[in-house]
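What follows is the residue order along each chain.
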Amino acid sequence: MELLTLIIIDALFAAVPAVGFAMVFNVPKKMLIYCAIGGALAHSLRFLLMNFDVQIEWATLIASSSMGFLGLYWSRKRLIPRPVFTVASVIPMIPGSFAFTTVIGLVELNSAGYSIEIMQIVTENGLKTLFILGALSFGLALPSILIYRGRPIV
Amino acid sequence: MKLTHEAQTELTRIAVKAGQILHQHGAESRLVEQTTQRIGVALGAQSIELSVSSDAIVITSLFEGNCVTTTRRCYDRGINMQMVCDVLRICVMLEKQLLDAAQVKERLARLKPYKYNRWLVVVMIGFSCASFSHFFGGDWPVYITTFFASAGAMILRQELAHRHHNPFVNFALSAFVATSIASIGVIYQFGDKPQIALAASVLLLVPGFPLINAVSDILKGHISTGIARWVFATMLTISVSIGIVTSMTLTGVSGWLSP
């Protein structure tokens, strides 16, 4: 029960950035609701999986591929290209903090000199960035890689 | 169906216009390629061959041994999904034969990018980054600090983008503003862990769309455009980090590398 409350709170907080960034990408008004639902579902699914000790990369892959297939359904239904919903929906899962920590660590390595602690931060965050991002994009591309294989979706 | 040379030239121009609009407004290369080919074939060409690179498209239409080739530069106009939707809708209507060549041309020329009210976007981005601060474990005071820091940065980002400033300069300055406002919260110890606001307030500057497009281009075989997008996104990330580091050096607040 407590977990359910946490998931609902997580979903609500994830819907806000999905809509916010969808507006930066100028997603049409009628599609904003799909971005909100997609963002909430994908992020809360990842939250749930990570709660059961699934690694963040695998949890991201599962969440983003479910978003990819959900986007496929919506896109066929509304005749709208898939990136319109899917990219905004996965924005809450983008490893932005990891990416910035990596580069700030690199800047620090240059200005303060080499140290093992900072190198450790750079390596760990850099690898997290790469693998989470790979999982995100691969998950979204999965329907067109597996099912459509070069044919147009809409 | 017979196609005169003039008609073939016209068809090529219409197809390249559609591809150019898609490319300029941030569609992935596969979508640019497919849509251009579909429009060309629907208008009567036997096949459309095109090469999509990071800043231009080259297209050739073939009809009974006749080739017409044309090139368009694609300057970045900023991501606009509404334009992508509209071009695709025109393509689908053309394939269902609801439109003819002249109508397609007229509709493509009439497309105008829709933009949300800028203050609405500022407020929404403020709330978005504030929600990220919740994911990092921040409390309500941190939420408020993050809101103002990222909203301030978004105002600057829109203003500079409106004046066509270089995106790298734009992102570095916006990151500087976001970090400077958020560090006020750290200096006055506003909330439990005010450092969270430093990390959350710059997340509006993550180049999420270019990064996802980069990987998906590479996955779908457009390696060179994928690499170009990846490098662009990496450069944006570096600019943002430079902005953050400059602000932290000036204010003496640190919060990124300490675990």
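Throughout what follows, the structure given in this document is the object of discussion. (Residues numbered from 1 in each chain as written. Chains lettered and ligands numbered in written order. Predicted model: local features only at pLDDT ≥ 70, side-chain atom pairs only at ≥ 80, totals over all residues. Heavy atoms only, no water.)

For the rest of this paragraph, the subject is unusual backbone geometry. Its identity as a non-glycine residue notwithstanding, Asp53(A) has a phi of 65°, on the positive side. Along the chain, Asp53(A) falls in the loop between helix H2 (32-51) and helix H3 (56-78). At Glu64(B), a position not held by glycine, the phi torsion is positive, near 45°. Its place among the elements puts Glu64(B) in the loop between strand E2 (56-63) and strand E3 (66-73). (Helix = DSSP H or I, 4+ residues; strand = E, 2+ residues; numbered from the N terminus.)

As a further point, take the sheet that holds E2(B). Residues and elements named next belong to chain B. An order of E1-E2-E3 is seen for the three strands of this open sheet, with the pairing classed as antiparallel. Only two strands of the sheet have a single partner each, and these edge strands are strand E1 (47-52) and E3. Taking each pair of neighbouring strands and ignoring which way they run, the sheet shows an average axis angle of 15°. Examined bridge by bridge, E2 and E3 share eight bridges and lie antiparallel to one another. Pairing of Leu62 across the sheet is with Cys67, part of E3. (Pairing = 2+ DSSP bridges. Axes fitted to C-alpha atoms, helices over the stretch in contact; angles between N-to-C directions.)

For the rest of this paragraph, the subject is helix H10 (residues 223-251) of chain B. Spacing of three or four residues puts side chains on the same side of an α-helix, whose turn is 3.6 residues. Between its first and last C-alpha, H10(B) extends 42 Å over 29 residues, near the 42 Å set by a 1.5 Å rise per residue. Following H10(B) by one or two positions, Gly252(B) adopts a phi angle in the positive range, close to 75°. (Expected span 1.5 Å × (residues − 1).)

Moving on, we come to the interface of chain B and chain A. Contact with chain B, which involves 57 residues of that partner, is made by 52 residues of chain A. Carbon and sulfur atoms make up 79% of the area that chain B and chain A hide from each other, which totals about 4,700 Å². Of all residues in chain B, Tyr116(B), Ile212(B) and Leu257(B) bury the most surface against chain A, accounting for 16% of the area lost on that side. Linking chain B with chain A are zero salt bridges. (Contact = heavy atoms within 4.5 Å. Buried area = accessible area lost by both parts, 1.4 Å probe. Salt bridge = Lys/Arg side-chain N within 4 Å of Asp/Glu carboxyl O.)

Before going further, it helps to examine the packing of aromatic side chains. Applying the stated criterion across every chain, the model contains 13 aromatic pairs over all chains. Measuring from ring centre to ring centre gives 6.3 Å for Phe21(A) and Phe132(B), while their planes differ by 55°; the resulting arrangement is tilted. Here the residue Phe21(A) occupies a position in helix H1 (residues 2-24), and Phe132(B) occupies one in helix H5 (residues 118-135), the pair thus bridging two chains. Grouping residues by exposure puts Phe21(A) and Phe132(B) together as buried. Note on Phe132(B) and Phe135(B): the rings are 6.4 Å apart at their centroids and 55° apart in plane angle, and the pair reads as tilted. Of this pair, Phe132(B) and Phe135(B) both sit in helix H5, three residues apart, which is roughly one turn of the helix. (Phe/Tyr/Trp six-rings, centres within 6.5 Å; stacked < 30°, edge-to-face > 60°. Buried < 20%, exposed > 50% of the residue type's maximum accessible area, 1.4 Å probe, protein only.)

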